[in-house]
Amino acid sequence: MSDTPAPPQPSHRLRIDTAALAANWRALDALSGGASAGAAIKAECYGLGIDACLPALRDAGARQFYVAHWSEVAAALRHVGPDQIAVLHGPMNSADVDYACATGVVPVINSLDQARRWSDGGGGVCHLMIDTGINRLGVAADQLSNSAISALDVNILMSHLASADEDSPMNVRQLTAFRECLTAVPHRLASLANSAGIGLGADYAFDCTRPGLALYGGVPRGDMAGTIQQVAHIEAAIIQTRRLNPGDAVGYNGEFTATKPMRVGTVSLGYADGFLRARGPGALVNCGDHKLPLLGKVSMDMVVADLSDAPTVGEGNWVQVPFNLPDAARQSTVSQYELLTVMGGRLRG
């Protein structure tokens, strides 16, 4: 038996509101109309942690889950069955095919080469991505008559919207292009809409939708703002206070210089935790009713807050980090997707 004590609690923490996460999935499922909503769980559920989020999504009613990489499969298999997991990047080599066949997870086929590789490796049911204009992954419409595609057993025929977060003519062009492909490939289900696409209405829903960002508190379209709840809540401790004299500079490169006597606190949070330098200028943290402006550059593990108007706040107090994603994106000019997915692993614990 080891006498080593358990590690102390960290000086910052991430709380996942699983009730809000479940409510977001139910809201998106309802907005999907007759279609059923799945869930994109790639990148550790957009940075929030798969073990915290996937069970909540599963228990809320989600049945289809999407990862990007084969390396993400094992974590998902801890919570759902293999036939519920789709790998968006598809089989890049024979090892991917062997792994899919051994585990039972379903690849998304994105090219003629992947289609041949899947069939030659003895693969069965798959999904098929058609490129309708985003020009990332996907089979071109004029390739759908190829024998490699005809040989596939396609469950979900899908495409991906490029500009669903805008009222762009691109949305209608992609919808029309996708509809024209539906008769070219035998399939069981069709899927086009991501989070923002769900907000475009029933025409985009088809049989199943694939929300991601909006599940985790992101608001991809303004008309969805009243529907989506905040999921991630970040807190960090003040680990030291000090007094500044006029002329004292704070942090790297001295970007902030005191013009009067000030009391400041060093907060245990930095860009290694996903609190990027772009979030420093003009930002603040909260301690109860006190709003504490941030001073100087964000460091890897620390940021400094102005305690001038909070005389009772000091070392050991916890501050709340505003993380309403649309507000944080506007303040920092960093996209909501990036704000979520850059979250550091030590913040998740």
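No experiment lies behind these values; they were computed from the predicted model shown. (Residues numbered from 1 in each chain as written. Predicted model: local features only at pLDDT ≥ 70, side-chain atom pairs only at ≥ 80, totals over all residues. Heavy atoms only, no water.)

Colleague: Looking at this structure, how should I read the overall build of the protein?
Modeller: Assigned secondary structure in the protein consists of twelve helices and 18 strands. Projecting the C-alpha coordinates of the protein onto the three principal axes gives extents of approximately 75 × 60 × 35 Å. A total of 349 residues make up the protein; the buried ones form 50% of that total. Here the contacts in the protein between residues at least 6 apart in sequence split such that 64% fall between residues at least 24 apart. Carbon together with sulfur atoms contributes 50% to the accessible area of the protein, which is approximately 15700 Å² in total. (Helix = DSSP H or I, 4+ residues; strand = E, 2+ residues; numbered from the N terminus. Buried < 20%, exposed > 50% of the residue type's maximum accessible area, 1.4 Å probe, protein only. Contact = heavy atoms within 4.5 Å. Areas by Shrake-Rupley, 256 points an atom, 1.4 Å probe, with all protein chains shown as cover.)

Colleague: I keep staring at the pattern of salt bridges and nothing clicks. Help me out?
Modeller: When the charged atoms of two side chains lie near each other, side chains of opposite charge can form a pair. Tallied over the full model, the rule gives twelve salt bridges. Its salt-bridge partner being R78, residue D51 comes within 3.0 Å of it at the nearest N-O pair. Within this pair, whereas D51 is found in helix α3 (residues 50-60), its partner R78 is found in the loop between α4 (73-77) and β5 (85-87), the two being separated by 27 residues in sequence. Via salt bridges that share partners, D167, R221 and D223 belong to a single interconnected network. (Salt bridge = Lys/Arg side-chain N within 4 Å of Asp/Glu carboxyl O.)

Colleague: What is the right way to look at the packing of aromatic side chains in this model?
Modeller: Pairs of aromatic rings are described using the distance from one ring centre to the other and the angle between the two planes. If you walk through the whole model with that rule in mind, you get three aromatic pairs. Geometrically, the ring pair formed by W70 and Y99 is edge-to-face, given 6.2 Å between the ring centres and 90° between the ring planes. Placement of W70 in the loop between β4 (65-67) and α4 and of Y99 in helix α5 (residues 94-103) is noted, with a sequence separation of 29 residues between them. Judged by relative accessible area, Y99 falls into the partly exposed class, the value being 30%. On the basis of an interplanar angle of 90° and a centroid distance of 5.1 Å, the ring pair of F178 and F206 is categorised as edge-to-face. Here F178, found in helix α8 (residues 169-181), pairs with F206, found in the loop between α9 (195-198) and β10 (208-209); they are 28 residues apart in sequence, far enough to count as distant. Owing to a relative accessible area of 0%, F178 belongs among the buried residues under this scheme. Looking at F206, the relative accessible area reads 22%, which means it is partly exposed. Note that R13 overlies the ring of W318, its terminal NZ or CZ placed 3.5 Å from the centroid. (Phe/Tyr/Trp six-rings, centres within 6.5 Å; stacked < 30°, edge-to-face > 60°. Lys NZ or Arg CZ within 6 Å of the ring centre and 35° of its normal.)

Colleague: Would you take a moment to explain the pairing of strand β18 (residues 318-321) for this structure?
Modeller: Each regular strand carries side chains that alternate between the two faces of the sheet. Burial along β18 is one-sided: the residues V319 and V321 are buried and none of W318 and Q320 is. As paired elements, strand β11 (residues 232-244) and β18 share four bridges and run antiparallel to each other. Considered in β18, the bridge of I234 is made with V321. (Pairing = 2+ DSSP bridges.)

Colleague: So what exactly am I meant to see when it comes to the state of the cysteines here?
Modeller: Disulfide: a covalent bond connecting the sulfur atoms of a pair of cysteines. Scanning all chains against the criterion turns up zero disulfides. This cysteine, C45, is not joined by any disulfide, and C53 carries the nearest cysteine sulfur, 4.6 Å off. (Disulfide = S-S within 2.5 Å.)

Colleague: It is not clear to me how the side chain of S191 should be interpreted in this structure. Could you clarify?
Modeller: Inspection of the secondary structure puts S191 in strand β9 (residues 189-191). Judged by its relative accessible area of 0%, S191 falls in the buried class. At a separation of 2.9 Å, a polar atom in the side chain of S191 contacts the side chain of R210. The contacts of S191, once residues within four sequence positions are left out, are I156, L157, M158, S159, F178, F206, C208, T209 and R210. (Polar contact = N/O pair within 3.5 Å; in protein donor to acceptor, adjacent residues only side chain to side chain.)

Colleague: Could you clarify how one ought to interpret the nonpolar core in this entry?
Modeller: Soluble globular proteins: nonpolar side chains tend toward being buried together. With 96 residues, the main nonpolar core has I41, L48, L57, L128, I149, L152 and Y216 as its most contacted residues. Considering every element that reaches this core, the biggest residue donor is α3, with six residues. Residues A86, I156, M158 and C208 belong to the second largest nonpolar core, which totals eight residues. (Core = buried A, V, L, I, M, F, W, Y, C linked by side-chain atoms within 4.5 Å.)

Colleague: Explanation requested: the packing of helix α1 (residues 18-31) against α3 in the structure shown.
Modeller: The axes of two packed helices give the description: the angle between them and the distance between them. Between α1 and α3, the shortest axis-to-axis distance is 9 Å and the interhelical angle comes to 45°. Between α1 and α3, the angle falls in the class oblique. For the pair α1 and α3, the sense of crossing is right-handed. Across the interface between the two elements, T18, L21, A22, W25 and R26 of α1 pack against A52, C53, A56, L57 and A60 of α3. Counted by class, the contact of α1 with α3 contains eight nonpolar, one polar and one charged residues. (Axes fitted to C-alpha atoms, helices over the stretch in contact; angles between N-to-C directions. Parallel < 35°, antiparallel > 145°, perpendicular 65-115°, else oblique. Left-handed = near helix turned anticlockwise from the far one by under 90°. Nonpolar A, V, L, I, M, F, W, Y, C, P; charged D, E, K, R; others polar.)

Worth remembering: the numbers are spatial, not functional.
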